[in-house]
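Secondary and tertiary structure notes
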Amino acid sequence: MTSAVFRGRQRTGDVLILLAIIGIAVAAAFPLVWMVLSSLKTPAESMQTPPVWIPATPNLAAYGEVADVIDARRSFLNSFIIATTTTAGILVTSLMAGYAFAKYRFRGRDALFAIMIATMFLPPIVTLIPLYRLVTSLGLGASLFGVIAPHLANAFGIFLMRQFVAGVPDDLIDAARVDGASELRIVFSVVAPAVVPAIAALALFAFVYHWNTYLWPLTVLQGSTDDYPIVLSLGRLLSYNRGAVNTGLVMAGATLAVLPPLVLFVFLQRFFVDSIVSAGVKG
Amino acid sequence: MATLKLEEIRKSFGSIEVIKGVDLDVDEGELIVFVGPSGCGKSTLLRIIAGLEDTTSGTIWIDSEACNDKAPKERGIAMVFQSYALYPHKTVYQNMAFSLKLSRRPKQEIDERIREAARILQMEHLLQRRPHQLSGGQRQRVAIGRAIVRHPKVFLFDEPLSNLDAALRVSMRREIARLHTELGSTMIYVTHDQIEAMTLADRIVVLDGGEVKQVGTPMELYHHPANIFVAGFIGSPRMNFINGRVETMAEGRLSVETRVFGRLNVGLVGSVTVSTGDQVTIGLRPEDCEIVDADALPLTVSLVERLGDETLLEVTSTSGEVLVVKAPPIREYRPGETVGLMPRPGALHVFDESGRAFARAKAQVG
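Residues numbered from 1 in each chain as written. Chains lettered and ligands numbered in written order. Predicted model: local features only at pLDDT ≥ 70, side-chain atom pairs only at ≥ 80, totals over all residues. Heavy atoms only, no water.

**As for the overall build of chain B**
Across its full length, chain B carries eight helices and 20 strands. With the C-alpha coordinates aligned to their principal axes, the bounding extent of chain B is approximately 80 × 45 × 40 Å. Within chain B, the fraction of its 366 residues that count as buried is 50%. Expressed as a percentage of contacts within chain B between residues at least 6 apart in sequence, the contacts between residues at least 24 apart total 66%. Surface exposure of chain B reaches about 16500 Å², of which carbon and sulfur atoms provide 48%. Within chain B, one finds 44 positive and 48 negative side-chain charges whose respective centroids are separated by 7 Å. (Helix = DSSP H or I, 4+ residues; strand = E, 2+ residues; numbered from the N terminus. Buried < 20%, exposed > 50% of the residue type's maximum accessible area, 1.4 Å probe, protein only. Contact = heavy atoms within 4.5 Å. Areas by Shrake-Rupley, 256 points an atom, 1.4 Å probe, with all protein chains shown as cover. Lys, Arg positive; Asp, Glu negative; His and termini not counted. Charge placed at Lys NZ, Arg CZ, Asp CG, Glu CD.)

**Focus on the packing of helix α4 (residues 136-148) of chain B against helix α5 (residues 166-183) of chain B**
Residues and elements named next belong to chain B. Taken N-terminus to C-terminus, the directions of α4 and α5 make an angle of 20°; their axes are 11 Å apart at the nearest point. The pairing of α4 with α5 is recorded here as roughly parallel in orientation. For the element pair α4 and α5, the recorded crossing hand is right-handed. Where α4 abuts α5, its residues Gly137, Gln140, Arg141, Ile144 and Ile148 lie against Leu168, Met172, Glu175, Ile176, Leu179 and Leu183. For the contact of α4 with α5, a count of residues per class yields seven nonpolar, two polar and two charged. (Axes fitted to C-alpha atoms, helices over the stretch in contact; angles between N-to-C directions. Parallel < 35°, antiparallel > 145°, perpendicular 65-115°, else oblique. Left-handed = near helix turned anticlockwise from the far one by under 90°. Nonpolar A, V, L, I, M, F, W, Y, C, P; charged D, E, K, R; others polar.)

**With respect to the pairing of strand β13 (residues 262-267) of chain B**
Residue and element names in this part refer to chain B. Where strand β12 (residues 253-258) and β13 come together, six bridges link them in antiparallel fashion. Bridge pairing links Thr258 to Gly262 in β13. Where β12 folds back onto β13 in an antiparallel hairpin, the turn is made up of three residues. (Pairing = 2+ DSSP bridges.)

**Quick look at the packing of aromatic side chains**
Counted under the stated rule, the structure contains 15 aromatic pairs over all chains. On the numbers, 6.2 Å between centres and 65° between planes, the contact of A:Phe156 with A:Phe205 is edge-to-face. Of the two residues, A:Phe156 is situated in helix α8 (residues 155-166) and A:Phe205 in helix α11 (residues 196-212); the sequence distance between them amounts to 49 residues. Ring plane angle 15° and centroid distance 5.8 Å describe the contact between B:Phe229 and B:Phe233, whose orientation is recorded as stacked. Of this pair, B:Phe229 and B:Phe233 both sit in helix α8 (residues 228-233), four residues apart, which is roughly one turn of that helix. Overall, the relative accessible area of 22% leaves B:Phe229 in the partly exposed class. A relative accessible area of 17% means that B:Phe233 is categorised as buried. Clustering of aromatic rings is evident, with ring pairs tying together A:Phe101, A:Phe106, A:Phe113 and A:Phe159. Over the aromatic face of A:Trp34 sits the side chain of A:Lys41, whose NZ or CZ is 3.8 Å from the ring centroid. (Phe/Tyr/Trp six-rings, centres within 6.5 Å; stacked < 30°, edge-to-face > 60°. Lys NZ or Arg CZ within 6 Å of the ring centre and 35° of its normal.)

**Topic: the nonpolar core**
If you look at the biggest cluster of nonpolar residues, it comprises 60 residues, and the most contacted ones within it are B:Phe34, B:Leu156 and B:Ile188. The element contributing the most residues to this core is α11(A), with seven residues. The contacts of B:Leu156, once residues within four sequence positions are left out, are B:Leu46, B:Ile49, B:Ala50, B:Ile77, B:Ala78, B:Met79, B:Val80 and B:Ile188. Listed in part, the 47 residues of the second largest apolar core include B:Leu31, B:Val35, B:Ala118 and B:Tyr222. (Core = buried A, V, L, I, M, F, W, Y, C linked by side-chain atoms within 4.5 Å.)

**Details of the domain arrangement of chain B**
Residue and element names in this part refer to chain B. Here chain B is partitioned into domain 1 (4-233) and domain 2 (240-361). For domain 1 and domain 2, the distance between their C-alpha centroids amounts to 38 Å. Between domain 1 and domain 2, the residue contacts involve ten residues of the former and eleven residues of the latter. Regarding the contact of domain 1 and domain 2, the summed buried area is about 840 Å², with carbon and sulfur atoms giving 54% of it. Of all residues in domain 1, the largest losses of buried area upon contact with domain 2 belong to Tyr222, His224 and Ile228, amounting jointly to 56% of the total for that side. (Domains from an automatic or database assignment. Buried area = accessible area lost by both parts, 1.4 Å probe.)

**Side note on the interface of chain A and chain B**
The partner chain B presents 21 residues to the 15 residues of chain A that form the contact. Summed over both sides, the interface between chain A and chain B buries roughly 1600 Å², with carbon and sulfur atoms accounting for 63% of that surface. For the chain A face of the interface with chain B, the top three residues by lost area are A:Asp171, A:Val178 and A:Asp179, together amounting to 40%. Here chain A is connected to chain B by two salt bridges. (Salt bridge = Lys/Arg side-chain N within 4 Å of Asp/Glu carboxyl O.)

**Here we look at helix α6 (residues 124-137) of chain A**
For α6(A), with 14 residues, the first-to-last C-alpha span of 20 Å sits near the 20 Å given by 1.5 Å per residue. Along its length, α6(A) reaches its greatest deviation from straightness, about 30°, at A:Pro130. (Expected span 1.5 Å × (residues − 1). Bend = angle between axes of the 7 residues up to and from the residue.)

**What about the environment of A:Leu232?**
All names here are of chain A. For Leu232, the position within the fold is in helix α13 (residues 230-239). Placed 15 residues apart in sequence, Leu232 and Pro217 show a C-alpha to C-alpha distance of 8.0 Å. The residues touching Leu232, leaving out its near neighbours within four places in the chain, are Tyr214, Pro217, Leu218 and Leu221.

**Details of helix α1 (residues 42-50) of chain B**
With eight of nine residues buried, α1(B) is to be regarded as a mostly interior element. In the stretch just after α1(B), B:Gly51 is the one whose phi turns positive, near 90°.

**Topic: the domain arrangement of chain A**
According to the domain assignment, chain A contains domain 1 (3-47) and domain 2 (70-239). The C-alpha-based centres of domain 1 of chain A and domain 2 of chain A are spaced at 34 Å.

In structure tokens:
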């Protein structure tokens, strides 16, 4: 094969890959774009067939209406408390347990790790009722703490951290021990800075998951609407108007709800890119 | 400065015993080098002294204080690692300050100690850099600086120069020797490189298979190895070993029949427990024989390595034994030519069947 032919084929391949990537990106972004556009339409435009793509005069009325129907500030605050507390808990417990699993030699370590990994494969719905009974028997039903407590540790997080911490050189940890650092100090002052990309990834996963989680808060909060996170309050937007769905209103609520995780992603994305770049340089 | 004493130290990982009863006394201000091949237990022994590994049995004494149950930070030691082990997210200054901050030293004292260490190691200009902005030599210097600031009783070095290139290794080796003179501290240094061991040590501890094979000054080990292992390990290129059989023995003199040199007469001191007909091993260093014209027992040159100031010849005897000899560079040798060898009088070492050396005259100890 001549190099010109080879280059030509490579070019065609590149174009096909690019087209596929564009296709996937459009498909992924479409619902998001549709949501934002719909939130800017008038109620009439929302109901029209064939659908109106771009609103004639974009208006923000629906956003104002959201605040009339639900206590958006309170809901956002609840969501924020649930997502940040749970994320912080997961980061701390995952880092500590991941460190222990990666760097300590103790009897039964591998068996314990295997059991913990096995819990990752249980569908959440299976543990829903037992967990609910446990939480209510502890007197934590219908409270934000009841929503948060069972999720402060997470098998996936521990697994992820163990994998990354295993890559931290033992010498670094020994150097810190000789320097007089306690084990806790080693975890947070020596190991944590060495696994920042993993912490960023886990923080993002945990925050988004617990921001969006629906079933567990719905179960635990038992209709205590004051404690509802924004995702549950969106449900109230749906049932507002006795079944006659106001699409613009729901979409405005949804757009607001999606903003915090989106901002967090934009912020943390830098860490992923950094980690990929530095890995490439080090070879 | 402190003394260090190891008493019957043993260490097992599961059923495998890696340190088999090590005893050692280190004087104040002494630089002791642990040397031995990979897997001989030298790094494990160092980690035991540091408190990074527990002992299975035995006692570690630092300044007459038993340290077995003390954490590394309580032992008054500082350690320099082969991989440097610098905290990558901290600057050089922060790396050096870390241990002092943990021990809650006043800020001014921390600063003074860091500036002093930086001056000793000539790295004042590097203090605000991060490890990834430093060369290998500079990183090692920081690692040493991090140890110095703690003013430890004992410095521990775990193969600190292994990751450096040859030229840098030589200059850092000299720096460590200078540092030892300047600080006068007790130091334990682990290496697999016998040149590092010879040039740095006050005394060398040769380890093999978790056992101490010999402890002595570099020249004691070179001239009077206690056994065939030490004889082969110390000296570069390594000592040649030739099989022989005891022909006759008289007071202070042994006559050994070899296939390479024919009959060799060896002068020994002390009592010799060997009988006529016993198998022995003759040791001959490459620098201890003279190249002469081929005689009745010719050797064929099979390899020539020119080093500039000298030439290494690999020669093969008619009976197939291979020897390495150092030749002066004045003459060109070519593979295939035949030469004769004459051992320098008094240069021969004799080992019995178990590998133990017979004592030689003490005249050569430096």
